[in-house]
Amino acid sequence: MKKFFAIAALAVASLTANAQAWIGGNLGYTSTKTEIENRYASLDNTASAFSFAPEVGYDLDENWAVALRLSYAHIDSYTVEINNDKFTGTANSFAINPYVRYKFFNEGNFTAFIDGGITYGTTHLNGYSDVIENPNFFNIGFNPGIAYAISDDVTLVAHFGDLSYNITTTKAKRYDVKSTISAFNIGLDNSISFGVYVAL
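As a starting point, this report considers the structure included with it.

## Quick word on the layout of surface pockets
Right, on to step 1. Of the pockets and cavities examined, the second largest pocket occupies roughly 600 Å³.
Right, on to step 2. Mapped by element, the contributors of at least two residues to the lining of the second largest pocket are strand 1 (21–37), strand 4 (85–107), strand 5 (110–126), strand 6 (136–149), strand 7 (154–171) and strand 8 (178–199).

## Structural notes on the pairing of strand 7
Right, on to step 1. Judged from the 12 bridges that link them, strand 6 and strand 7 form a sheet pairing that is antiparallel. Following the sheet pairing, phenylalanine 138 is matched in strand 7 by isoleucine 167.
Right, on to step 2. The turn joining strand 6 and strand 7, which pair antiparallel and follow one another in sequence, is formed by four residues.

## Considering the pattern of salt bridges
Right, on to step 1. Taken as a whole and judged by the stated rule, the model has four salt bridges.
Right, on to step 2. Across the salt bridge formed by lysine 103 and aspartate 59, the nearest N and O atoms sit 3.1 Å from each other. Taken as a pair, lysine 103 in strand 4 and aspartate 59 in strand 2 (residues 41–59) lie far apart in primary sequence, 44 residues in all.
Right, on to step 3. One salt bridge in this structure joins aspartate 115 and arginine 69, with 4.0 Å as the shortest N-O distance. Linking aspartate 115 in strand 5 with arginine 69 in strand 3 (residues 64–82), this pair joins segments that are 46 residues apart in sequence. For the residue pair aspartate 115 and arginine 69, the accessibility class agrees, reading buried in each case.
Right, on to step 4. Look at the salt bridges and you will find they share partners, linking Glu55, Arg69, Arg101 and Asp115 into a network.

## A look at the environment of alanine 199
Right, on to step 1. Here alanine 199 shows up in strand 8.
Right, on to step 2. Judged by its relative accessible area of 24%, alanine 199 falls in the partly exposed class.
Right, on to step 3. Taking C-alpha positions, alanine 199 is 9.5 Å from glycine 57, a pair spaced 142 residues apart along the chain.

## Structural notes on the pairing of strand 6
Right, on to step 1. Relative to strand 6, strand 5 is paired through 13 bridges, and the arrangement is antiparallel. Directly across from glycine 121, in strand 6, lies its bridge partner phenylalanine 137.

## Re the nonpolar core
Right, on to step 1. Counting residues in hydrophobic clusters, the biggest one holds seven residues: Trp22, Ala67, Tyr99, Phe113, Ala147, Val157 and Tyr197.
Right, on to step 2. Among residues more than four places away in sequence, those in contact with tryptophan 22 are Glu55, Val56, Gly57, Tyr58, Asp59, Ala67, Tyr99, Arg101, Tyr197, Val198, Ala199 and Leu200.
Right, on to step 3. Core analysis: the next-biggest nonpolar cluster, separate from the first, contains five residues, Ala49, Ile75, Ala91 and Leu125 among them.

## Things to note about the side chain of asparagine 92
Right, on to step 1. Considering the arrangement of structural elements, one finds asparagine 92 in strand 4.
Right, on to step 2. Non-local contacts of asparagine 92, meaning those with residues more than four positions away in its chain, are made with Tyr72, Ala73, His74, Thr122, Thr123, His124 and Asn126.

## Let's talk about the packing of aromatic side chains
Right, on to step 1. Under the defined criterion, the tally for this structure stands at four aromatic pairs.
Right, on to step 2. Ring centres of tyrosine 72 and phenylalanine 94 lie 5.4 Å apart, and the angle between their planes is 45°; on these two criteria the pair is classed as tilted. Here tyrosine 72 is found in strand 3, whereas its partner phenylalanine 94 is found in strand 4, with 22 residues between them in sequence.
Right, on to step 3. Given a relative accessible area of 33%, tyrosine 72 falls into the partly exposed group.
Right, on to step 4. A ring pair is formed by phenylalanine 110 and tyrosine 148, whose centres lie 4.8 Å apart and whose planes are at 50°; its orientation type is tilted.

Reading guide: rules and limits
Residues numbered from 1 in each chain as written. Predicted model: local features only at pLDDT ≥ 70, side-chain atom pairs only at ≥ 80, totals over all residues. Heavy atoms only, no water. 1 Å grid on protein atoms, 1.4 Å probe; cavity = no way out; pocket = protein on both sides within 12 Å on 5 of 7 lines; lining within 4 Å. Points joined across faces, edges and corners; volume = space filled by probe spheres on them. Helix = DSSP H or I, 4+ residues; strand = E, 2+ residues; numbered from the N terminus. Pairing = 2+ DSSP bridges. Salt bridge = Lys/Arg side-chain N within 4 Å of Asp/Glu carboxyl O. Buried < 20%, exposed > 50% of the residue type's maximum accessible area, 1.4 Å probe, protein only. Core = buried A, V, L, I, M, F, W, Y, C linked by side-chain atoms within 4.5 Å. Contact = heavy atoms within 4.5 Å. Phe/Tyr/Trp six-rings, centres within 6.5 Å; stacked < 30°, edge-to-face > 60°.

Shown next, in the form of structure tokens:
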């Protein structure tokens, strides 16, 4: 374990010693509508979520970068109905997201890019955690974005849209019900986030 932390510290030090490394974060807003109907459970819910996602990354060259993002989101409305019992509450979500960035357009201070990666996370339910176990989710997807360098060290970034495949698993405690929800998402109007990157 000590050897692992020593290697990790050396890796971080080598990144921060190079101007190609950066740290940053995003603030985001997402609005989703979910509809589910089967013999055990139904859900028809529109929810909005605010998120915060700090990250660290490294530019491999002019076009490619790798990064790691940690994220937190608060969902203000989450409703599920099981065997005619309806439960509503809020939720807090935590996730880890390693990704690769491809910058396909560079002109002056402007850059256009697309991020592709995987996300794994869990959602803590407030209001009905005694009824349903906390859902876990997995996502693989792509997010386009644009960046504008306001100086050599500071860059403004915006992401918009979503092309992704999601799997969410949930298990009810009071009933013998376990659900796995798979969804394919594509859109440019339901998700937007803004961030700032600072070169190290």
